[in-house]
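Structure assessment
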4 protein chains.
Amino acid sequence: MDAALPFDRFLSTHEAVLGFGATALIQHMLDVEAALAKAQADEGIVPTSAAVAIAAACRAERFDAQRIVADGAVAGTVAIPLVKALTAAVAAHDAPAAAWVHWGSTSQDVIDTAMVLATRASLVRIDAALDRTIAALTSHARAHRDTPMLARTLLQPAQVVSVGFKLLAWIAPLVRARRRLHDAAHTALQLQLGGAVGTLSTLGDRGDAVVRRVAAELGLRAPDGAWHTQRDDWVALGCELGVLCGSLGKIALDIGLLAQAEVGEMAEPSGGGRGGSSAMPHKRNPVGSMIVRAVALRTPQRVATLLAAMPQEHERGLGAWQAELAEWPQLMLGAEGAVHALADVAAGLSIDAARMRSNIDALNGLVFAEAASTLFAGVLGKSAAHALLDKLAKRCVAERRPLRELAHEARGADAALQSAIDVQALDQAFDVELAARRAGALAEQRLTPRS
Amino acid sequence: MDAALPFDRFLSTHEAVLGFGATALIQHMLDVEAALAKAQADEGIVPTSAAVAIAAACRAERFDAQRIVADGAVAGTVAIPLVKALTAAVAAHDAPAAAWVHWGSTSQDVIDTAMVLATRASLVRIDAALDRTIAALTSHARAHRDTPMLARTLLQPAQVVSVGFKLLAWIAPLVRARRRLHDAAHTALQLQLGGAVGTLSTLGDRGDAVVRRVAAELGLRAPDGAWHTQRDDWVALGCELGVLCGSLGKIALDIGLLAQAEVGEMAEPSGGGRGGSSAMPHKRNPVGSMIVRAVALRTPQRVATLLAAMPQEHERGLGAWQAELAEWPQLMLGAEGAVHALADVAAGLSIDAARMRSNIDALNGLVFAEAASTLFAGVLGKSAAHALLDKLAKRCVAERRPLRELAHEARGADAALQSAIDVQALDQAFDVELAARRAGALAEQRLTPRS
Amino acid sequence: MDAALPFDRFLSTHEAVLGFGATALIQHMLDVEAALAKAQADEGIVPTSAAVAIAAACRAERFDAQRIVADGAVAGTVAIPLVKALTAAVAAHDAPAAAWVHWGSTSQDVIDTAMVLATRASLVRIDAALDRTIAALTSHARAHRDTPMLARTLLQPAQVVSVGFKLLAWIAPLVRARRRLHDAAHTALQLQLGGAVGTLSTLGDRGDAVVRRVAAELGLRAPDGAWHTQRDDWVALGCELGVLCGSLGKIALDIGLLAQAEVGEMAEPSGGGRGGSSAMPHKRNPVGSMIVRAVALRTPQRVATLLAAMPQEHERGLGAWQAELAEWPQLMLGAEGAVHALADVAAGLSIDAARMRSNIDALNGLVFAEAASTLFAGVLGKSAAHALLDKLAKRCVAERRPLRELAHEARGADAALQSAIDVQALDQAFDVELAARRAGALAEQRLTPRS
Amino acid sequence: MDAALPFDRFLSTHEAVLGFGATALIQHMLDVEAALAKAQADEGIVPTSAAVAIAAACRAERFDAQRIVADGAVAGTVAIPLVKALTAAVAAHDAPAAAWVHWGSTSQDVIDTAMVLATRASLVRIDAALDRTIAALTSHARAHRDTPMLARTLLQPAQVVSVGFKLLAWIAPLVRARRRLHDAAHTALQLQLGGAVGTLSTLGDRGDAVVRRVAAELGLRAPDGAWHTQRDDWVALGCELGVLCGSLGKIALDIGLLAQAEVGEMAEPSGGGRGGSSAMPHKRNPVGSMIVRAVALRTPQRVATLLAAMPQEHERGLGAWQAELAEWPQLMLGAEGAVHALADVAAGLSIDAARMRSNIDALNGLVFAEAASTLFAGVLGKSAAHALLDKLAKRCVAERRPLRELAHEARGADAALQSAIDVQALDQAFDVELAARRAGALAEQRLTPRS
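Here's what I pulled together on the structure shown here. Because the structure is a prediction, the values reported are computed rather than measured.

Cut-offs and rules
- Residues numbered from 1 in each chain as written.
- Chains lettered and ligands numbered in written order.
- Predicted model: local features only at pLDDT ≥ 70, side-chain atom pairs only at ≥ 80, totals over all residues.
- Heavy atoms only, no water.
- Helix = DSSP H or I, 4+ residues; strand = E, 2+ residues; numbered from the N terminus.
- Rg over C-alpha atoms; globule rule 2.2 N^0.38 Å.
- Buried < 20%, exposed > 50% of the residue type's maximum accessible area, 1.4 Å probe, protein only.
- Contact = heavy atoms within 4.5 Å.
- Areas by Shrake-Rupley, 256 points an atom, 1.4 Å probe, with all protein chains shown as cover.
- Axes fitted to C-alpha atoms, helices over the stretch in contact; angles between N-to-C directions.
- Nonpolar A, V, L, I, M, F, W, Y, C, P; charged D, E, K, R; others polar.
- Least-squares fit on C-alpha atoms with pLDDT ≥ 70 in both.
- Polar contact = N/O pair within 3.5 Å; in protein donor to acceptor, adjacent residues only side chain to side chain.
- Buried area = accessible area lost by both parts, 1.4 Å probe.
- Salt bridge = Lys/Arg side-chain N within 4 Å of Asp/Glu carboxyl O.
- Phe/Tyr/Trp six-rings, centres within 6.5 Å; stacked < 30°, edge-to-face > 60°.
- Pairing = 2+ DSSP bridges.
- Expected span 1.5 Å × (residues − 1).
- Bend = angle between axes of the 7 residues up to and from the residue.
- Parallel < 35°, antiparallel > 145°, perpendicular 65-115°, else oblique.
- Left-handed = near helix turned anticlockwise from the far one by under 90°.
- Disulfide = S-S within 2.5 Å.

When its secondary structure is counted, chain A shows 19 helices and four strands. Taken over the C-alpha trace, chain A has a radius of gyration of 30 Å; the compact-globule value for 451 residues is 22 Å, which it surpasses by more than 25%. For chain A, the C-alpha atoms occupy an extent of roughly 100 × 50 × 35 Å along the three principal directions. Among the 451 residues that make up chain A, the fraction classed as buried is 68%. Sequence separation of 24 or more characterises 76% of the internal contacts of chain A that already satisfy a separation of 6 or more. Summed over all atoms, the accessible surface of chain A reaches about 13800 Å², with 54% contributed by carbon and sulfur.

Right, dumping it as C-alpha cells:
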C-alpha cells in the first residue's frame, strides 16, 4: 500500500498521497517509456513491434513498485531498477524488443516527466477544489452582501464593512490563483527529454521530432530544450503553489479568529466527530482551518528548498535534483490538503449576523471615529479634528458612552461645527447599515465575473 | 547617508542600497502624497491650491529622513511621523492646505505604494544588467559555438558537448526570467489605495475615480481593490526574483567549478585588485561568482519569509506586513547585487578551449562509452552492449588505454559486430569535433532570438 | 552615519544597528589586529615596538569605515582595504612596524573574530532585556497568581486557569533561553585564527601559543582549531537565537490575541504616540507585539540560511561564508529588536481581571464540562460520561442555560449519580476560583527560582 | 506496510521510515497509554486491574494502524480514533477497565510523547552511524596523516596540508555533534503530560507524582511542566540535527569535489550496482555524497518550519503544532539518511595519494607563494614581499616555470635577500613534505581523544 508518513497524510488527502505514491510514480514512468518507444517507432528508430511490446508491458500492476523504489536507493536512481525490470518483462514476451526499452533516454528524462504527469493530475484536483471553494464563498457573499461586520486592523476593530466585502477579499486571491496556476502550468507541464546530457545524441538528427511526438503522446508541452539543470519554469510553478497556500492560509487565519468564542462571528461545520477533543466534551475545534494553517506554515519552506535546489552543477546536479524530487510531492500534498480542507470549511461555513452586529454595538460607536473626524476636518482642519476625536474616543471608553452622543455634544459646543454640519450628516457618520451597504456595493462590482 | 549593514552592501550595489534607503523611501512616500492630493483635487475633493501646496512640499531633501524613520519605530509606522512632518511643512506655507495632507489614505497605502515605486526602479536596473549578461554570454556562445567541452553529470564527465551548447543552457533561463519578471511586474506594480480598511470610505462614491487618477499619475496599474492583506500579486513578483537568483546561482556555480585550477576551463576577469587574498599572493579568486552564490543561498529564505507573511489577519496584519516590508528590500538588494556581479563576470569571462580539449583527451575516450554502446546495441542488444562497454570502460581506466582502441578490438573479436559496423562508424562514435558540432547546431537554433 | 535599511531598523534597536554597523565592525577588526600584534610580540615573533605602533593606530575613528566597506566589495573582502589602510596608518608613524600588520593572519580570521566580538556585545544587551522581561512578567504573575483566566486550545475556550499559570508558561522558556544562550555563547564566542588554510603555517611551532594569547587578550575562548569551514559551534548559537525568537513570538501572539477588543484581557502600554493610526483616531495598536511577531516570522529563515551556508567548500567557501556574514547581523538585529520590544510590553502590560472573569462567565460553565465528565465517569464510565456532557454542552449553548444547572439536573435524574456524587462535589467541578487557585499553586512552585 | 513517499525514502533508511511510520507511532502511543494507566494505578487513581487490562491491550499489531491514522484526519487528531479503538479493545476483555483508558490525559500528551519515543530510537541509530563514520575517517586520517594534499580556498589552490589535517576538519564537527546531540536529547527527551491545558486538573494534587512515575516508566525526563505550546527544548534538539546535517553536507561537498575526474583525489566506494547510470556505461557516480547533499539542502528548511511553528496560540495551537508534527519526522528521516550514507562512504573511501601529489606538482610551486613571501618579508617588509611574490606568481603561470626557481633568482638578484636568507631556508619554503608533516602534526594532537 502506498503511503506517506502519518502526519504528512494528516495534512493532505487520500488522492494526493496515492497520486505521488510509488505505484503512481512507476505507472507514470512506464507511460513515459511507452510513449518514448512509440514516438521512436513513428520516427523509424525503433521497430514498431518493439514499441508495441514495450507499451504492452508498461502496466504498473505487473511490477513490484515498493521493491523498485527500494532498489533505486542503492543504484542512485529509481530509473535503473525500473528499466531493468521493464526490460526483463518485455524480454519475456519479445526478446528483441527488450533492446529498445529506454532507448535514447536517461533516468532524469523519465523521472522528471513522471513527476510532471503526477503534478498535472494533482493540479486538476486542486483546480476543482478551488472552484468549489470560490463557489461556496461567493454564495455566502451574495447572501450576506450588506450584512454589517467589523473590519479589523492589527487585531483591533477598525471600521464597519460588510460580510460581502470581507468574503470578496478572500475570494479574489483564489480567483487570481486559479488563473496564475493555469498559466504557470501551461509552461511548466512540459516533457523532459534530453538524453544523457541534454543533446539527445543517441537520436542523431531526429531528436526534435521525437521530442515533439512524445510530448504530443503524453499531452505535454514540447520544451525548447532539456531542462535537466534549468529548473526555472518548474520552480515557478512551485512558487505559485506557495502563493496559493499563502492565500488559503490568510482565509483560515481569519476564520480561526472569527470562530473564537469571544468573537463568534463565523464557525466551521461540525458533526460526524469533526473537531472533537479527547479530553474536553464541549470542544468544537476549527479543524479545517487548523489543517490549512499547518500547511501554510510548512509550504514557504518547501518553496525555499525548491529555490535553494536550483543551482545544480553542470548538466545534472549532485544532490540538488534529488532534493527537489523529494520536496516537490510534499509541496503538492500540502497544497491539495489545504485546498480540500478549505473547500469543506467554505461549504459548511456558519455566519452569525447577530453576533457581528453585537460586536459592533459593543464598541459604542468607536469605529466611526474616523468618519466623524473626516466630517469635522472640513471645519476644524484635519489635525484638530483627529485630536478632538482622539479625545472623544478616550472618553467613550472611559465613560462607556456612545461616541455618537459625545460627537453630537462636541458639535453642539462648537458654533462652527454646528453651523457647518447638520445633525443628519453626523448621524450618517455613525450609521452601521450605511457603512455596510457601501462596502457591499464595492463587493458587488467585483463579485460579478468579468470573463 | 543611507546605508545597509556592511555585509548586505557587500552583496549588493550602491544603486540598490540607495534605492531602498531612507531618503528614497521618504521621497517615494511624498510622491504618493502629492499624487493623491492632485488626484483628489482633480475630482473636486481637495482644493486645487491645497494640492499645489502639498506637491510643492513633497521634496525629500526638506525632511530629515533618518529622524522620520527613527520616529516611525515609536509610532508603529513610518507614515505617522512623515505625515506629521509634511503637514507641518505644508502648514508653514499654506495653513488651510495642511488639512488635506494624506486625505482619505492610510499608512499602508503610502508605504506599500512607495515600495512599489522603489521596486519599479530596481527592476529597471535588473533588466538592464540581465540584458548585459545575456548579450555577453551570447557573444561568447557564438564565438565558441562548436568548441568541444565536457558535459558533466553528478560532477563526473558525461559526454562531449560544445561551449555554445553549455552557454545556451545558461542564457535560456535568463531570457525567460526577463520575460517572466516583465509579466509579474505588469501585475504587481500596482497602486495601493484603500483607506483604513480597503473601502476608501472617506472618499464616498469617488473612491474608484481617485484610485484611477493616482495610479495614472504614478504610472502604476490601478488595482481591482485594495491589497492590504491580499499579497498574492506582490509575492508572486518576489517569487520570480527568487527564481531569477536560482538561475544566476546555477551559472555562478558552474563558473566556480570550471575555474578550479584542476579544471581550468573558464576564468573570471581579474585585475584592479579584484579577487586577491590578504594572505596568499598567488590567489585570483572568482569573486563575482562568490557574490552570486552568496545571494543564491540567501534568496530562497527571503522568498520563504514573503510567503510565510502572507497570512495576515483581517484587514491589516499584526506583524506579518512589517516582516514583509523589511524582507522585500533585502530580496531586491540581493537580486541586484547578483545580476550585476554576473554581468561583470560574463563581460570578462575567459574561455580556455585548449584546456577544455585536454580535459576531454585526459579521459581516454571514456565519455564516448554511451555512443559506442548505442552503436553496438543494434547488434548485441542494449543490455549486452551496455555490459560490454561497462567492461571496456573499466579496462580503459585500469590499463590507461584509449576506449576507442579497446572498442575496435572488441569489434574485431566479434564477427557480428565486425560485419554490421564499419570502422568509420566506430571512429565517428569517438569523434570529439563531431559531437561538439552536433551540440553547437542544437544551440544555434535556440540562440537565434524569436521575437 | 551607520544605518541599516529603514524597515530593518524598524524591527531592531538603535544600539543593535550601531553594534553591527561599519564603524563597529572596523573597530572590532582593528581590535583583532592589535591583539594579534601584541600576542606575537609577547611570543617574540613581532618586535614589541611594532606591536605598540600597530595598537596605537587601531582606532576606527581614524579610518573611513564607509570607504573601506565599499572598497571591500571590489577586493572581495573588507579585510583587504582595511589591512591596506592600517598598514599605511602604521607606516606613517613607524615605517618598519607596518611590515608586521596582519602578520600570520588571513581575512577570515579578522572578520570572523570581529563578528564574534560584535555578537558578544549584542548578547549582553539581549541578556539584560531578557532579565527585564522576566522580572516584569514575574511581578505580574505574583500579583495575579490566582486571578481566574481562560485557557484556550485551538483558539477555543478550554478550561479555567490563572494569570499566574499563564504567565509562568511565558516566563519559563525565557529563563531557559537565557541559560541556553549562555551555554551556546560559552562555546561559540571563540577566536578565529588559522592563517590562510587553518594551519597558521606562518607562525611555525608557535601557532598554538599565539592563539591562546590573542584569545586571552580579547577575552574569547581559544578554539581547538580554526573553524573557517566548520561553522557548527557558531551556527548552534544562531539556532539558540532562533529558538529565543520563537519563544518571544509565542508571547507576542498571545498578547495580541488577548488584546483583541472582543477579548480585552490584556493591553499593551500606550501613550506618547505609541500605537496610533494615521487614519483612525480611536486606535491603540499593540505595536510591541507587532514588532516581536514580525521578527518571529523572519528569524526562522535567518537560521535556515545559516544552516544552508554550512556546507562550505574545502578550507574556505565560495559564497556560503559571505552569505553567513550578511545573515548573521540580521539575525542579531531581529533578536535584539524583539526582546527589547517585549521588555517594554511586559513592563507596561495591563491585565484586566474583571474582563477575564466576564469572559469565563459568558461561557455559562461550558469549560467545566471535562471536570464534570471526570466526576461522572467514576459512576457512568468514561465514554458514557463524555457522551452525557457532550449532550449537556450542546444544550447549554442552545438553551443558554448554565452547564452547572444542567449537570445538577442530570445528576438528579440518575439515581446512581445522585447517590455517588454529592451536591458540593458537583459544585466544586464548576468552581472558577478553585480552578484558578489550583493553577496558581502549580505556578507558585515554578516561579520560585531554583538557583 | 508503512512507507514514506518514494523520494523521501530515497533520501532516508528503511529503519527510519519504519521508526516514524504508522505502526511505530501507534505502538509508541500505546506505550504511553499503558505507562499512564500503570502510574495512576501505582498512585491509587486507577484500579490496578484496569491498568493491567489496559497494558495487555496496548499492542499495535492488534489495531489497524492505517485505519486509525486515516480516521484521525477526520477527528482532527489521531489520538481520538486510537483512544476509541483502545477503549473498545480493553472493554472486550474487561469492561470496567475501559473507563480508565487515557484517564487524565489529552491527545497532545500522548502524541508528543510518542514522537519523543520515536525520536529517542532514531537518535540511537544516528549516534551509531556517527560513531561508525568517525571511526572510519579517523582510521584514514591516521593512515594518511602526513600525505601531502592541497588545501583550497574559494575553490582555488591555497597551500599544502596533509590528508590527516583535512580529515580532522571533517571529524571534529562530528565529534562535537555527537556531544551536542547527547546534551540536547538529555533535555528534550522528556515526557509530555499536562492534561487538557497543562494543569493535569483531573489528577488533583497527584499530578506531579503521576508525571514522575510515567516518565520513569518510559525512561524519559520528567518535565518542569507541560510544554504543549513551549516547544523550545524540543526545537533546540531539532536545531542540533540541522547543525549535524550542515556538517555532514560539508564533508559530502568536499568529497564530491575531490571525486571530480579532473581532481581525482578521493572516490566513493563502488560495486554492486552502486552509482551506475541508465545511459552512460562508464559512470561511477558518488551517490553517497549525493544523498547527503540532498538532505543538507532540505534540512535547513525543516528547521525553519520548526522555528516558525513555535508561536502557538495560548494552551494549544491552531495549526502550528500540527505543522511541527509533520515536519519533525521528515527532519529525522533526512538526518538518518544522511549519516548512514556518509558512514558507508567513509568506510569505503578511496584516497589517491599519487593524484594528490601530482595536483600539487602541477601548480609549479604557486601555493608556496605565501611561505616565500613571509620569508622575504623579514627583509623587504611585508608589502614589498607580497608585491614581489605577486609578480613572481604571475610569471610562474605565464612562463610555466617553477616558482621556487623564480624565487631563487629573485633572491640571487637582491643582495639583502641573499645575505639574510640562505638557500636551504628558501628551499624549505617550497618543501611539500615539510608542509604536510607540519599539518599532520597539528592533526595528530587533536585526533587523540581527550575523554
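Back to the text.
The interhelical angle for the contact between helix 8 (residues 163-188) of chain C and helix 11 (residues 232-258) of chain D, taken along N-to-C directions, is 35°, at an axis separation of 10 Å. On helix 11 of chain D, the residues touching Pro173(C), Arg176(C) and Arg180(C) of helix 8 of chain C are Asp232(D), Asp233(D) and Ala236(D). Taken together, the residues of the contact of helix 8 of chain C with helix 11 of chain D break down into two nonpolar, no polar and four charged.

Between chain A and chain B, which share one sequence, the superposing operator has a rotation angle of 180° and an axial displacement of 0.0 Å; the RMSD is 0.0 Å. The superposition of one copy onto the other is thereby described by a two-fold rotation axis. Measuring from the rotation axis to each C-alpha of chain A, the shortest distance belongs to Ala304(A), at 2.7 Å. When the interface residues of chain A are mapped onto chain B, 100% of them again fall at the interface, so both copies present the same face.

Residue-level contacts link 74 residues of chain A with 74 residues of chain B. Where chain A meets chain B, there are 29 residue pairs in polar contact (both at pLDDT 80 or more). Mapped by element, the contributors of at least two residues to the side of chain A that touches chain B are strand 1 (148-153), strand 2 (156-162), helix 8 (163-188), helix 10 (232-258), helix 11 (287-308), helix 14 (369-380), helix 15 (382-399) and helix 19 (432-447) of chain A. Sort the elements by how many residues they give to the side of chain A that touches chain B and helix 10 of chain A lands first, with 16 residues. Considering only residue class, the side of chain A that touches chain B consists of 33 nonpolar, 23 polar and 18 charged.

Now for the interface of chain C and chain D. With 74 residues of chain C at the contact, the number on the chain D side is 74 residues. Interface area for chain C against chain D, summed over the two sides, is near 6400 Å², with a carbon-plus-sulfur share of 61%. Counting across the chain C and chain D interface gives 10 salt bridges. Note that Arg176(D) is salt-bridged to Asp232(C), the shortest N-O span being 2.8 Å. Seen at the junction of chain C and chain D, the total is 29 residue pairs in polar contact (both at pLDDT 80 or more). Contributions of two or more residues to the side of chain C that touches chain D are made by strand 1 (148-153), strand 2 (156-162), helix 8, helix 10 (232-258), helix 11 (287-308), helix 14 (369-380), helix 15 (382-399) and helix 19 (432-447) of chain C. In terms of residue count, the dominant contributor to the side of chain C that touches chain D is helix 10 of chain C (16 residues).

For the rest of this paragraph, the subject is the pattern of salt bridges. In total, this model carries 160 salt bridges over all chains according to the counting rule given. Ionic pairing is found between Asp131(A) and Arg178(A), a salt bridge with its closest N-O pair at 3.0 Å. With Asp131(A) in helix 7 (residues 107-143) and Arg178(A) in helix 8, the pair connects residues that are 47 residues apart, well separated along the chain. One salt bridge in this structure joins Asp146(A) and Arg145(A), with 3.0 Å as the shortest N-O distance. The class for Asp146(A) is partly exposed, based on a relative accessible area of 27%. Taking relative accessible area as the criterion, Arg145(A) reaches 26% and is therefore assigned partly exposed. Three or more residues are tied together by salt bridges with common partners; here these are Asp8(A), Arg298(A), Arg302(A), Glu327(A), Asp8(D), Arg298(D), Arg302(D) and Glu327(D).

Turning our eyes to something else, we now look at the relation of the copies chain C and chain D. When chain C is fitted to chain D, the residual RMSD is 0.0 Å, and the transformation amounts to a turn of 180° plus an axial shift of 0.0 Å. Taken together, the interface assignments show that 100% of the residues at the interface of chain C recur at the interface of chain D, consistent with an identical surface on both copies.

Next up on the list: the packing of aromatic side chains. Counted according to the given criterion, the structure contains 16 aromatic pairs over all chains. Ring geometry for Trp227(A) versus Trp234(A): centroids 5.9 Å apart, planes at 40°, classification tilted. Ring centres 3.9 Å apart and planes at 15° place the aromatic pair Trp234(C) and Trp328(C) in the stacked group. Remark: Trp328(C) occurs in helix 12 (residues 320-347) and Trp234(C) occurs in helix 10; sequence separation between them is 94 residues. Look at Trp234(C) and you get buried, because its relative accessible area is 2%.

With respect to the element layout, Gly412(A) can be found in helix 16 (residues 403-412). Along the backbone, Gly412(A) and Gly275(A) are 137 residues apart, and their C-alpha atoms lie at a distance of 54 Å.

Let us look at the environment of Ser162(A). Residues and elements named next belong to chain A. Position of Ser-162 relative to the elements: it lies in strand 2. Since its relative accessible area comes to 0%, Ser-162 is described here as buried. As a C-alpha pair, Ser-162 and Ala-151 span 11 residues in sequence and 8.3 Å in three-dimensional space. In this structure Ser-162 touches Arg-145, Asp-146, Thr-147, Pro-148, Met-149, Ala-436, Ala-439 and Gly-440, once residues within four positions along its chain are discounted.

Here we come to the pairing of strand 2 (residues 156-162) of chain B. Here strand 2 of chain B lies mainly inside the structure; seven of its seven residues are buried. Adjacent in sequence and paired antiparallel, strand 1 (residues 148-153) of chain B and strand 2 of chain B are bridged by two residues, among which Leu154(B) carries a positive phi angle near 50°.

Note: α-helices contain 3.6 residues per turn, so residues at a spacing of three or four share the same orientation. Residues and elements named next belong to chain B. With 21 residues, helix 3 (residues 22-42) should reach 30 Å at 1.5 Å per residue; the first-to-last C-alpha distance of 30 Å fits that figure. Where burial is concerned, most of helix 3 is hidden: 16 out of the 21 residues are buried. Downstream of helix 3 by a residue or two, Gly-44 has a phi angle that is positive, lying close to 80°.

Below, the discussion takes up unusual backbone geometry. In this structure, His102(A) is a non-glycine residue whose phi angle is positive, near 70°. As for its position among the elements, His102(A) is in the loop between helix 6 (79-93) and helix 7.

Moving on, we come to helix 9 (residues 163-188) of chain B. Over its 26 residues, helix 9 of chain B extends 37 Å from the first C-alpha to the last, a length consistent with the 38 Å expected when each residue adds 1.5 Å. Of all bends in helix 9 of chain B, the biggest is about 25°, found at Ala169(B), and the proline Pro173(B) comes one to four residues later.

Here the focus is the pairing of strand 2 (residues 156-162) of chain D. Two elements, strand 1 (residues 148-153) of chain D and strand 2 of chain D, share six bridges in a ladder whose sense is antiparallel. The residue of strand 2 of chain D that forms the bridge with Pro148(D) is Ser162(D).

Let us look at the packing of helix 7 (residues 107-143) of chain C against helix 8 of chain C. Residues and elements named next belong to chain C. Close contact between helix 7 and helix 8 brings their axes to 10 Å; oriented N to C, the two are set at 160°. Classed by the angle they form, the pair helix 7 and helix 8 counts as roughly antiparallel. Considering how the two elements wind past one another, helix 7 and helix 8 form a crossing that is left-handed. Where helix 7 approaches helix 8, its residues Val-116, Leu-123, Ile-126, Asp-127, Leu-130, Asp-131, Thr-133, Ile-134, Leu-137, Thr-138, His-140 and Ala-141 are matched on the opposing element by Gly-164, Leu-167, Trp-170, Ile-171, Leu-174, Val-175, Arg-178, Leu-181, Ala-185 and Ala-188. For the contact of helix 7 with helix 8, the class distribution of residues is 15 nonpolar, four polar and three charged.

Moving on, we come to the side chain of Asp233(C). Relative to the assigned elements, Asp233(C) resides in helix 10. The class for Asp233(C) is buried, based on a relative accessible area of 6%. For Asp233(C), the side chain forms a polar contact with the side chain of Gln190(C), separated by 3.5 Å. Here Arg180(D) takes part through its side chain, which lies 2.7 Å from a polar atom of the side chain of Asp233(C). If sequence neighbours within four positions are ignored, Asp233(C) has contacts with Thr187(C), Ala188(C), Gln190(C), Arg221(C), Arg176(D) and Arg180(D).

A covalent bond between the sulfur atoms of two cysteines is referred to as a disulfide. As enumerated under the stated definition, the model contains zero disulfides over all chains in all. Sulfur of Cys239(A): no disulfide; nearest cysteine sulfur belongs to Cys239(B) and is 4.0 Å away. On the basis of relative accessibility, which here comes to 3%, the residue Cys239(A) falls in the buried class.

All names here are of chain D. By secondary structure assignment, the location of Ser-105 is in the loop between helix 7 (95-98) and helix 8 (107-143). A relative accessible area of 4% places Ser-105 in the buried class. A polar side-chain atom of Ser-105 sits 3.5 Å from a polar atom in the side chain of Asp-109.

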